[in-house]
Amino acid sequence: MSTEQEFIGGLWGGGGAFTQSGGTHTITNDLNIGEAAGSSGTYTLSSGTLRASNSYLGGIPSLCFRGSGTLNISEDGDAMLSVVLKLWDAGVVNLSGGMLKAATIDNTNGGSFNVTGGTLAVDTFLGDLSVSDAMLAPGDSPGVTSITGDYSQDIDSILQIEIGGLLAGSERSWTFRGR
């Protein structure tokens, strides 16, 4: 399935849900989940691949009134966002399995970003990031992840990084997997 732009949760109120359990869903521009006041939306990805340029949860840049939007990724679901995933105060991401890969994740507006399983691969994370029983694996190998806030992980999580070379993000020598 391929669309240019997708809205889940109504432009002016209402609710909606989208469940993906296989295949590839491609959105060439924006995935908007619960973007307007009074609206709520949920995208649940349990297997298959979601590809989008941008995803906005609980709002979009041009609206000052926000709804609530949730993105659930579990089991064998892979979400690939080539530009930005932005959460507003009622935006929620639940990564409990599979993979979430994004160029930028912006959680500076008070959303809820929950990593309790699976793999997170992100170039830039804006806000605080806490990982529990999951893996943070920076970018494409070699890759760089920048986090503007605090980073924490529990004892059951893995930070998978490659250390080596003289130029950050351009060379590698070995892989370090630590707890």
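The structure presented is a predicted model; accordingly, all values stated were derived computationally and were not measured.

Quick notes on the rules
- Residues numbered from 1 in each chain as written.
- Predicted model: local features only at pLDDT ≥ 70, side-chain atom pairs only at ≥ 80, totals over all residues.
- Heavy atoms only, no water.
- Phe/Tyr/Trp six-rings, centres within 6.5 Å; stacked < 30°, edge-to-face > 60°.
- Helix = DSSP H or I, 4+ residues; strand = E, 2+ residues; numbered from the N terminus.
- Buried < 20%, exposed > 50% of the residue type's maximum accessible area, 1.4 Å probe, protein only.
- Core = buried A, V, L, I, M, F, W, Y, C linked by side-chain atoms within 4.5 Å.
- Contact = heavy atoms within 4.5 Å.

J.: What is the right way to look at the packing of aromatic side chains in this model?
T.: Describing an aromatic ring pair means giving the distance of the ring centres and the angle of the ring planes. On inspection of all chains with the given rule, the structure shows three aromatic pairs. On the basis of an interplanar angle of 50° and a centroid distance of 6.0 Å, the ring pair of Y56 and W88 is categorised as tilted. Taken together, the residues span a long stretch of sequence, with Y56 in strand β4 (residues 39-57) and W88 in the loop between β5 (68-87) and β6 (91-106) at a distance of 32 residues. For W88, a relative accessible area of 6% puts it in the buried group. A ring pair is formed by F113 and F125, whose centres lie 5.1 Å apart and whose planes are at 70°; its orientation type is edge-to-face. Note on accessibility: F113 and F125 belong to one class, buried.

J.: Teacher, can you tell me more about the nonpolar core here?
T.: It is characteristic of soluble globular proteins that their nonpolar side chains tend to be buried jointly. Residues L85, L100, I105, F113 and L120 are the most contacted members of the largest nonpolar core, which totals 29 residues. For this core, the secondary-structure elements that each account for two or more residues are β3 (14-33), β4, β5, β6, β7 (112-126) and β8 (129-131). It is β5 that contributes the most residues to this core, six residues altogether. When near neighbours in sequence (up to four residues on either side) are disregarded, L85 contacts S55, L57, V93, L100, T104, I105, D106 and F113.

J.: Even after reading the chapter, I still don't get unusual backbone geometry, so can you show me in this structure?
T.: Trans peptide bonds make up the majority, and among non-glycine residues the majority have a negative phi. Positive phi is not limited to glycine here, since E75 has a value of about 50°. Among the secondary structure elements, E75 is positioned in strand β5. Overall, E75 belongs to the exposed group, its relative accessible area being 57%. Even without being a glycine, D133 presents a positive backbone phi close to 55°. Structurally, D133 is set in the loop between β8 and β9 (135-136).

J.: Would you explain the environment of L45 in this entry?
T.: Mapping L45 onto the fold places it in strand β4. Separated by 24 residues in sequence, L45 and S21 place their C-alpha atoms 6.2 Å apart. With near-sequence residues (within four places) excluded, L45 lies in contact with Q20, L50, N72, I73, S74, G77, D78 and A79.

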